[in-house]
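Residues per chain are reported as follows:
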Amino acid sequence: MPAATGCADAMSTTTPPADAAPARPGIGTFERYLTLWVALCIAAGIGLGQLLPHVFASIAAAEVARVNLIVAVLIWLMIIPMLLKIDFGALGAVRRHWKGVGVTLFVNWAVKPFSMAALGALFIGWLFAPLLPAGEGPSYIAGLILLAAAPCTAMVFVWSNLCDGEPTYTLSQVALNDVLMVFLFAPLVGLLLGVAAVTVPWDTLLVSVLLYIVVPVIAAQLARRAVLAKGGQRTLDRLLARLGPISLVALLATLVLLFGFQGKAIVAQPLVIALLAVPILLQVYLNAGLAYWLSRKLGVAWCVAAPAALIGASNFFELAVAAAISLFGLTSGAALATVVGVLVEVPVMLSVVSIVKASRGWYERGAAA
């Protein structure tokens, strides 16, 4: 078999950095059933919002410079443990898998945000417009754009593990995307929101990038280096194991708050959730398929192409939720749209994992040719 399609050979010739994140993290019961927990949070949030409206009003009022303090703390608890897994020293491995990296960069930054904006305009702005609350279309589209404007940085390790992806490629690609997010997220979101005729509060957008990308990345890397210097990789692994549940609980608590504020609108029109899921589902399969097909055409090893498809399709929904809340508020349609992304992410990505695994024979025959 040619080197381009030999995953065993590809994996044996690449050595992850000594302090890299665990190459093949397991997927726990909590993560595996994340969609179930999200569904329960939807029910809890809607119920609590109806029973305790004054409590939710007080939480909404705890803002400084349009940043909700309680939500900001929860977002940090979500993001920083995930960023602790990223080793920026892995960027040196990018050149080993330059074709796979190139495919994913193209899909992540040149295709996915624009395809989501187009799908949002088609379905939310036109086809489904009569079925949605009047005047909310632009806000929903803004949330979809925020969802697609940044590639996933955490759950990707789980997806790559499930499809036996090449760990060095996955680590280097995620590290590179984190660096690019610092510089590309704000201008890309600003451009697409402007095209969608949504007013862009640039000061708030830049503050969101600072709060939810720059500061967490720096804090996580400083903490990572300190832990590795003190106890090495095993100590970091133990810390990540302890922080993992905290990160997920913070995510679920944020969802309870969001659905507590959105409860009345959802009870009045539950169809909104299903309609918002349509463009999200389509863009996941579109971008995963594009990355997978391009990798096959370029002769990329399957163990790189599989995680390339997954990274190309998945979204950094934690960042999207935070940015939507900061830009448009807790009760906005944009915030609701990003939460729908959380709801569908896990089952959809698991289906993509199944597809790339089932098609391995087809892929390798084409890549060899």
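On a predicted model such as this, the values are computed, not experimentally measured, just so you know. (Residues numbered from 1 in each chain as written. Predicted model: local features only at pLDDT ≥ 70, side-chain atom pairs only at ≥ 80, totals over all residues. Heavy atoms only, no water.)

## Here's the deal with the overall build of the protein chain
Selection criterion: Secondary structure elements are taken from DSSP: a helix is a run of H or I of four residues or more, a strand is a run of E of two residues or more, and numbering for both begins at the N terminus. A simple rule labels every residue: compare its accessible area, found with a 1.4 Å probe on the protein chains alone, to the largest value its type can have, and call it buried under 20%, exposed over 50%, or partly exposed in between. Any two residues whose heavy atoms approach within 4.5 Å are treated as being in contact.
When its secondary structure is counted, the protein chain shows 15 helices and 2 strands. With 369 residues in all, the protein chain has 56% of them scored as buried. For the protein chain, long-range pairs separated by at least 24 residues make up 88% of all intrachain contacts whose partners lie at least 6 apart in sequence.

## Digging into the packing of helix α8 (residues 155-162) against helix α9 (residues 167-195)
Going by this rule: Where helices are involved, their axes are fitted lines through C-alpha atoms of the stretch in contact, as for all axes, and angles between N-to-C directions lie from 0 to 180°. Each angle gets one of four labels, with under 35 degrees taken as roughly parallel, over 145 as roughly antiparallel, 65 to 115 as roughly perpendicular, and the rest as oblique. Each crossing gets its hand from how the near helix is turned against the far one by less than a right angle, where anticlockwise is left-handed and clockwise is right-handed. Each residue is assigned to one of three groups, with Ala, Val, Leu, Ile, Met, Phe, Trp, Tyr, Cys and Pro labelled nonpolar, Asp, Glu, Lys and Arg labelled charged, and all others, Gly among them, labelled polar.
For the pair α8 and α9, the least separation of the axes is 10 Å and the interaxial angle reads 160 degrees. In terms of orientation, α8 and α9 fall into the roughly antiparallel class. Relative to α9, the crossing made by α8 is right-handed. Along its contact with α8, which presents Val156, Phe157 and Ser160, the element α9 presents Thr170, Leu171 and Val174. Class assignment of the residues belonging to the contact of α8 with α9 gives a composition of 4 nonpolar, 2 polar and no charged.

## Side note on the environment of Val67
If you trace the backbone, Val67 turns up in strand β2 (residues 67-68). We classify Val67 as buried; its relative accessible area is 9%. Taking the C-alpha atoms as reference points, Val67 and Gly329, 262 residues apart in sequence, are found 8.7 Å from one another.

## Re the side chain of Gln283
Tracing the backbone shows Gln283 in helix α11 (residues 271-297). With residues up to four places along the chain from it excluded, the contact list for Gln283 reads Lys112, Met116, Leu119, Ala313 and Asn315.

## Some remarks on unusual backbone geometry
Phi angles above zero are rare outside glycine, and Asp164 is one such case at about 55 degrees. Among the residues examined, Asp164 registers a relative accessible area of 45% and is labelled partly exposed.

## Description of α8
With 7 of 8 residues buried, α8 is to be regarded as a mostly interior element. Met155, Val156, Phe157, Val158, Trp159, Ser160 and Asn161 are the residues of α8 that are buried. Where α8 is buried, its residues contact α9, α12 (302-313) and α14 (333-358). Positive phi shows up at Asp164, right after α8, with a value of about 55 degrees.

## Regarding the nonpolar core
Our working definition: Only buried Ala, Val, Leu, Ile, Met, Phe, Trp, Tyr and Cys residues count toward a nonpolar core, and they belong to the same one when joined by side-chain atoms within 4.5 Å.
If you look at the biggest cluster of nonpolar residues, it comprises 130 residues, and the most contacted ones within it are Phe185 and Leu255. The biggest single contributor to this core is helix α10 (residues 202-268), with 22 residues. Setting aside anything within four residues of it in sequence, one finds Phe185 in contact with Leu146, Ala149, Ala150, Leu180, Leu205, Val209, Ile213, Leu319 and Ala323.

## Some details on a nonpolar patch on the surface
Let me state the cut-off plainly: Patches here: salt-bridge-free residues with over 30% relative accessible area, like charges joined within 9 Å, nonpolar side chains (Val, Leu, Ile, Met, Phe, Trp, Tyr) joined within 5 Å. To measure how exposed things are, a 1.4 Å probe is used in the Shrake-Rupley method; for residues, cover is taken only from the protein chains shown. Salt bridges, as used here, are contacts in which a Lys or Arg side-chain nitrogen is within 4 Å of a carboxyl oxygen on Asp or Glu.
On the surface, a cluster of nonpolar side chains totalling about 360 Å² of accessible area is made up of Leu48, Leu51, Leu52 and Val55. In this structure, Leu52 sits in the loop between α3 (34-51) and α4 (53-61). For Leu52, a relative accessible area of 40% corresponds to the partly exposed category.

## As for the packing of aromatic side chains
The test is simple: Between the rings of Phe, Tyr and Trp (Trp by its six-membered ring), a pair exists once the centres lie within 6.5 Å; its type follows the angle of the planes, with under 30 degrees stacked, over 60 edge-to-face, and the other angles tilted.
Applying the stated rule across the entire model yields 3 aromatic pairs. Between Tyr292 and Trp362 the ring centres are 6.2 Å apart and the planes differ by 40 degrees, which places this aromatic pair in the tilted class. Pair noted here: Tyr292 is in helix α11 and Trp362 is in helix α15 (residues 360-368), with a separation of 70 residues, a long-range link. Taken together, Tyr292, Trp362 and Tyr363 form an aromatic cluster joined through their ring pairs.

## What about the packing of α12 against α14?
Interaxial distance between α12 and α14 falls to 10 Å at its minimum, and their mutual angle equals 155 degrees. Judged by the inter-axis angle, α12 sits roughly antiparallel to α14. Where α12 crosses over α14, the two elements pack in a sense that is right-handed. On α14, the residues touching Trp302, Ala306, Ala309, Leu310 and Ala313 of α12 are Met349, Val352, Val353, Val356 and Lys357. Among the residues forming the contact of α12 with α14, the class breakdown is 9 nonpolar, no polar and 1 charged.

## Side note on the environment of Pro187
Take Pro187: it is sitting in helix α9. Given a relative accessible area of 42%, Pro187 falls into the partly exposed group. When the C-alpha positions of Pro187 and Trp202 are compared, they lie 9.4 Å apart, and in sequence the two are 15 residues distant.

## Points about the side chain of Asn315
This is how it is decided: Pairs of N or O atoms within 3.5 Å make up the polar contacts considered here, provided that, within protein, one atom can donate a hydrogen while the other can accept it, and that residues adjacent in sequence are counted only when both atoms are side-chain atoms.
Turning to its location among the elements, Asn315 is positioned in the loop between α12 and α13 (317-328). Looking at Asn315, its side chain comes within polar contact range of the side chain of Lys112, at 3.2 Å. Not counting residues within four places of it along the chain, the set of residues in contact with Asn315 comprises Lys112, Leu147, Ala148, Ala150, Pro151, Cys152, Gln283 and Glu345.

## As for the confidence of the model for the protein chain
The cut-off we apply is this: A residue's pLDDT is the confidence the predictor assigns to it, expressed on a 0 to 100 scale.
When the pLDDT values of the protein chain are averaged, the result is 84; 89% of them are 70 or greater. Note that pLDDT drops below 50 for residues 1-5; the model gives that stretch 11 contacts with residues more than four away or on any other chain. This model gives residues 9-26 a pLDDT under 50, and the stretch forms 43 contacts once residues within four places in sequence are excluded.

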